[in-house]
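Fold and geometry: a report
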Amino acid sequence: MIEIRKYFDRIVPMSDNDWAFFSSKLTRRTFPKKSIILPQGTIENFLSFIEKGMTRMCIPKEIDDLTFSFEFEGNFTSAYSSFLTQQPSEYQIEAITETVLWSISHADLQEIYAHTSIGNTLGRYASEGLYIKKTKRELSLLNQSAEDRYLNLFTEEPRLLQQIPLKYIASYIGITPQALSRIRARIS
């Protein structure tokens, strides 16, 4: 839980009273490698901070899943649109490695918004961060070649290339694993 406090303090300092109230609402959840954290078609009830591990968001398909996001230690993970609307998620969240989450329920977060001086500010920063990440990804898919998207991963998310199976990376940048192999051979 200390990492969550550090994360919030980087954004905006939180009083000890607000922290005590917030942290009392957190639940620790653990998931084995390759387990489904949120199945497609279910309602996301948690906003979770990743203490350990990494998650993948994807749309399951019979042949190859469509991967569109990864989240790592020290960041939040959630099927956020489902969390906000309380409607079934169109995608699933999977633990790529053994993953430990500190989670807060939708109802408890609403209570934090209503009863703390800092809750709404933190919510706004979280939403803005998610929006910026989503927009950046969309623009890269529209404006960059597959090779450029792959090369950008080296500088933006080096952990991706070290810890995530290549088939997930290929799906994330919008190409087949075979096309990724050709790109990797070309730039080696």
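Preceding this paragraph is the structure being described.
A brief look at the structure comes next. (Residues numbered from 1 in each chain as written. Predicted model: local features only at pLDDT ≥ 70, side-chain atom pairs only at ≥ 80, totals over all residues. Heavy atoms only, no water.)

1. Describing the sheet that holds strand β3 (residues 46-52)
Put simply, the test is: A pair of strands is treated as paired once DSSP finds two or more bridges between them. For helices the rule is a DSSP run of H or I covering at least 4 residues; for strands it is a run of E covering at least 2, with both sets numbered from the N terminus onward. In what follows, residue pairs with any heavy atoms lying within 4.5 Å of each other are defined as contacts. Axis angles are defined between N-to-C directions and span 0 to 180 degrees, where every axis is a line fitted to C-alpha atoms and, for a helix, only to the segment in contact.
The four strands are arranged β1-β8-β3-β6 in an open sheet whose pairing can be described as antiparallel. One side of each edge strand has no neighbouring strand; the edge strands of this open sheet are β1 (27-31) and β6 (76-77). On the sheet, helix α1 (residues 2-11) packs against β3, β6 and β8 (99-105) and is oriented at approximately 110° with respect to β3.

2. Observations concerning the pairing of strand β7 (residues 92-95)
As a reminder of what qualifies: Using a 1.4 Å probe on the protein chains alone, a residue whose accessible area is under 20% of its type maximum counts as buried, one over 50% counts as exposed, and one in between counts as partly exposed.
Burial along β7 is two-sided: the face carrying Gln92 and Glu94 and the face carrying Ile93 and Ala95 are both buried. Looking at chain direction, strand β2 (residues 36-38) and β7 are connected through two bridges and run antiparallel. Its bridge partner being in β7, Ile36 is matched across the sheet by Glu94. Sheet topology note: the strand β4 (residues 54-59)/β7 ladder contains four bridges and is antiparallel. Its bridge partner lying in β7, Cys58 is registered against Gln92.

3. A look at unusual backbone geometry
One non-glycine residue, Lys34, adopts positive backbone phi at about 65°. On the secondary structure map, Lys34 appears in the loop between β1 and β2. On the basis of relative accessibility, which here comes to 58%, the residue Lys34 falls in the exposed class.

4. Thoughts on the nonpolar core
To keep it simple, the criterion reads: Working definition of a nonpolar core: buried Ala, Val, Leu, Ile, Met, Phe, Trp, Tyr and Cys residues. They are joined through side-chain atoms within 4.5 Å.
Counting 19 residues, the largest nonpolar core has Phe70, Ile164 and Ile175 as the members making the most contacts within it. At the level of elements, β5 (66-72), α6 (146-156), α7 (158-163), α8 (166-173) and α9 (177-187) are the ones that each hand at least two residues to this core. If you tally residues by element for this core, the top one is α8, at five residues. When neighbours within four sequence positions are excluded, Ile175 is seen to be in contact with Ala146, Arg149, Ala170, Leu180 and Ile183. In this structure, Met14, Phe22, Phe76 and Leu122 belong to the second largest nonpolar core, which totals 18 residues.

Without other data, these values stay purely geometric and don't point to any function.
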